[in-house]
Amino acid sequence: MKEYFKLLKFVKKEIGLLILAFICMGISTIFNGASLGMIIPVADKVLTNKKIIVPHKLPDFLNSLIDKINSLEPLFLLKVIAFSIVVLFILKGLFVFLQGFLMEIVGLRAVVYVRTLLYKKFQELSLDFYSQKRAGELISRITNDAGLLKYGLTYGLTDLIYQSMQLAMFVFIVFYIHPKLALISFIIFPIIIFPVMKVGRKLKKLSSRSQEKMADLNAILSETISGAKIVKAFHRQDYEIEKFKKIVRDYYKFLLKSAKRQLLLSPFTEFIGALAAIAIFLLGGKDVIEGKLSFGVFGFFLGSLMSMIRPFKKLTQVHAINQQALAASQRIYEILEKKPSVEDRPQAIPITALRDKIEFKEVWFKYHPEEDFVLKDINLVIKAGETVALVGPTGSGKTTIFNLLLRFYEVTQGRILFDGVDIRDIKLSSLREMTGLVTQEPVLFNDTVRANIAYGKLSASREEIESAAKRALAYDFIKELPSGWDTVIGDKGFRLSGGQKQRLCIARAILKNPQLLLLDEATAQLDSESENLVQKALDNLMQGKTVLVIAHRLSTVKKASKIVVIDKGAIVGEGKHSDLLNNCDLYRKLYEFQFSF
Ligand SMILES: Nc1ncnc2c1ncn2[C@@H]1O[C@H](COP(=O)(O)OP(=O)(O)OP(=O)(O)O)[C@@H](O)[C@H]1O
Ligand SMILES: [Mg+2]
């Protein structure tokens, strides 16, 4: 129940529309009963010209209405009934449309609301969240689960309220007309309800598992689409197809299983309903023969009983739909209720410039509590205006140092100080505003070249963007592109060479003009001309900045004011190129392998 209220929270803002929709449902329910009630005068007066007999006392206005109808001429009554039926159906149709439309608005608005909320949360959450979940799974929260939620809110909620109203009205009618007969019919009801409840519970479990299968499908799709190059290079198409087939087949089996359960449910309930009707018919027929009940009223009674089957059937499906929506809502809340692991402290202060130095003081770090330390007792000083180079074997923890400086993750022990201030006391936005990051792999967005560079400074003028491109040595090749500055970079920049992509990323960083630059030199092989251009672009970018660079090039380490050698998460050497060559074995080895060209 609590879960259901949480689901309803998504439509809290639409409460006015919801009430209006419920009112429309109520009105159309009454019209529904009234149109069925037309059976009475048609059967008793128009067709047989007898009297309407109700087995007990009615309120005065109904009595006088019946008396009036009883005294009417059949032909005249027929015309009145024909006219009333037309009016009733028009009105009923109007209100059915209105309630459906209103509920659709409510559902669609809820989807917009949930999707926006989720997307905001994605942006707010820290990087550890992204490394724990697969992209496909996250995408499916916004696409699939939000859709299921809408289905539940629009159709599930409509049926829950609308069909309950219908059911309540018909229950009232049958008990009003003939309590004893009504009671007998209701004894049969639990026999229907019990299996329905059981199947509903099973469906909930199946739905949640089939969602997981869908997430698998999404994940493998986004992985193989973005990794198309690798799949082809390794010639693993068949392997991927097999993997994909298995997931699709599993998903099919799940869907078939739940479809079977859902489909079996309705013939079953209908059959039991029919049995009940036969029993009633036998008993009620006797009362009609004895003249205790008129034929029309008995027809109305039977019609009302029959009319309960549909709402009841729908209500049992509502249970399944709602279970699906509830499962989706739970998965959505799981994300919405997550707290970002890195957040501003209440008294966080903004910084505008680095005046003196950045200091790592006895910094220890691990990505997961149960894993080993990735950084061990790091002590490091980066003076303002200096270029410090980090070198070390793969997996030694170089990128991790960047991650901590940008506060993508919090240090496990120790402190990182900016001019003596712990970075946990600095406003995240100001820290990232003054820092520029160029990653090992260029990351570009599916947008125009201009927009990709302007990402560094959204308010940049045309001139600023072009001058940044010039300094990144990207200007010339951009002009040659098919649509120049407005060329859209395909997914992951398929249309550009590695060196060109890197220079666009550098232009973006130049435009941002950060005081502190974190540079992860690309290890990807570029041809020497391209390499040269990228190197020059980087030199332009690094001018006048405090730079921490993960170095893979000899020219970079030689230019650095200080080189820091990292091995297995610890600093094993620090100094100038020539000193380290003499007194650091690892550096000498790295120099021989990595920098010897
Ligand atoms: N998001 C993460 N979650 C868990 N462990 C991680 C994560 N990122 C990196 N690691 C682990 O931390 C260690 C250091 O990784 P890091 O990326 O800092 O190495 P690196 O020195 O940058 O290596 P490379 O030169 O290959 O880029 C590795 O053992 C790696 O497996
Ligand atoms: Mg790295």
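Residues numbered from 1 in each chain as written. Chains lettered and ligands numbered in written order. Predicted model: local features only at pLDDT ≥ 70, side-chain atom pairs only at ≥ 80, totals over all residues. Heavy atoms only, no water.

1. Focus: the packing of aromatic side chains
Just so we agree on the cut-off: For Phe, Tyr and Trp, rings pair up if their centres lie within 6.5 Å, where Trp contributes its six-membered ring, and each pair is then called stacked (planes under 30 degrees apart), edge-to-face (over 60) or tilted (otherwise). A run of H or I in DSSP becomes a helix once it reaches four residues, and a run of E becomes a strand once it reaches two; helices and strands are each numbered from the N terminus. Residue exposure (1.4 Å probe, protein chains only): buried if accessible area is under 20% of the type maximum, exposed if over 50%, otherwise partly exposed.
Applying the stated criterion to the full structure yields 15 aromatic pairs. Look at Y475 and W485: their rings are 6.1 Å apart centre to centre, the planes differ by 55°, and that puts the pair in the tilted class. With Y475 in helix α17 (residues 475-480) and W485 in the loop between α17 and α18 (498-512), this pair connects stretches of sequence that are 10 residues apart. Note on accessibility: Y475 and W485 belong to one class, buried. In textbook terms, an aromatic cluster arises when at least three aromatic residues are bridged by ring pairs, as seen for F122, F129 and Y130.

2. Some points on the packing of helix α7 (residues 135-177) against helix α12 (residues 295-336)
Two quantities define a packed helix pair, namely the angle between the helix axes and the distance between the axes. We apply this condition: Angular values range over 0 to 180 degrees, each being the angle between N-to-C directions of two axes fitted as lines to C-alpha atoms, with helices fitted over their stretch in contact. Orientation labels follow simple angle bins: below 35 degrees gives roughly parallel, above 145 gives roughly antiparallel, 65 to 115 gives roughly perpendicular, and whatever is left gives oblique. Rotating anticlockwise by less than a right angle from the far helix to the near helix defines a left-handed crossing, while the corresponding clockwise rotation defines a right-handed one. In the scheme used here, Gly and all other residues not listed as nonpolar or charged are polar, with Ala, Val, Leu, Ile, Met, Phe, Trp, Tyr, Cys and Pro taken as nonpolar and Asp, Glu, Lys and Arg as charged.
Across the interface, α7 lies against α12 with an axial gap of 6 Å and an inter-helix angle of 155°. For the element pair α7 / α12, the angle class is roughly antiparallel. Judged by the sense of rotation from one axis to the other, the crossing of α7 with α12 is left-handed. Among the residues forming the contact of α7 with α12, the class breakdown is 26 nonpolar, 10 polar and 5 charged.

3. Remarks on the side chain of S430
Note the following rule: Note on contacts: a residue pair is in contact if any heavy atoms of the two residues lie within 4.5 Å.
With respect to the helices, strands and loops of the structure, S430 is situated in helix α14 (residues 428-433). Overall, the relative accessible area of 10% leaves S430 in the buried class. In contact with S430, not counting residues within four places along its chain, are I349, P350 and I351.

4. Some points on the nonpolar core
The following threshold applies: Residues belong to a common nonpolar core when they are buried Ala, Val, Leu, Ile, Met, Phe, Trp, Tyr or Cys residues joined through side-chain atoms within 4.5 Å.
The biggest cluster of nonpolar side chains holds 66 residues, and the ones touching the most others in it are L7, F10, L149 and F301. Where this core is concerned, the elements lending two or more residues are α1 (2-8), α2 (15-37), α3 (39-47), α4 (60-70), α5 (74-124), α7, α8 (179-187) and α12. When near neighbours in sequence (up to four residues on either side) are disregarded, L149 contacts L7, F10, V114, A325, A328, S329 and I332. Residues A460, I489, A507 and V534 belong to the second largest nonpolar core, which totals 47 residues.

5. As for the site of ligand 1
Our working rule: For this purpose, a residue is taken to be near a molecule or strand whenever a single non-hydrogen atom of the residue falls within 4 Å of it. Two N or O atoms count as a polar contact when they lie within 3.5 Å, although within protein this holds only if one can serve as hydrogen donor and the other as acceptor, and sequence-adjacent residues are included solely when both atoms are side-chain atoms. Reported accessibility uses the Shrake-Rupley method at a 1.4 Å probe radius. Residues are deemed covered only where the shown protein chains occlude them.
The environment of ligand 1 is formed by 14 residues, the closest being T394, G395, K398, T399 and T400. Between ligand 1 and the protein, one listed contact pairs an oxygen atom with a backbone N or O atom of G395 at 2.8 Å. Coverage of ligand 1 by the protein amounts to 64% of the 640 Å² it exposes when considered alone. A total of 3 residues in the shell around ligand 1 trace back to one element, the largest contributor, which is helix α13 (residues 398-405).

6. Some words on the packing of α2 against α3
Contact geometry of α2 with α3 gives a least axis separation of 4 Å together with a crossing angle of 10°. In this view, α2 runs roughly parallel relative to α3, as classed from their interaxial angle. On the side of α2, the interface is formed by S35, L36 and G37, while α3 contributes I39, I40 and P41. Residues of the contact of α2 with α3, tallied by class, amount to 4 nonpolar, 2 polar and no charged.

7. Describing empty space enclosed by the protein
Defined as follows: Using protein atoms alone on a 1 Å grid, points that fit a 1.4 Å probe yet trap it form a cavity, whereas open point sets bounded by protein on both sides within 12 Å along at least five of seven lines form a pocket; residues with an atom within 4 Å of a point count as lining. Grid points are joined across faces, edges and corners, and a volume is the space filled by probe spheres set on the points.
Applying the stated criterion to the full structure yields 4 cavities of 30 Å³ or more. Roughly 100 Å³ of internal volume is contained in the second largest cavity. In terms of lining, the second largest cavity is formed by 13 residues, of which the most central are V438, Q502, D520, A522 and L538. Grouping the constituent residues of the lining of the second largest cavity by class yields 7 nonpolar, 3 polar and 3 charged.

8. Some words on the sheet that holds strand β2 (residues 375-383)
We apply this condition: At least two DSSP bridges between two strands are needed for those strands to be called paired.
Read from one edge to the other, the open sheet built from 4 strands follows the order β2-β1-β4-β5, with strand pairing classed as antiparallel. The two strands at the open ends of the sheet, each matched to only one other strand, are β2 and β5 (421-422).

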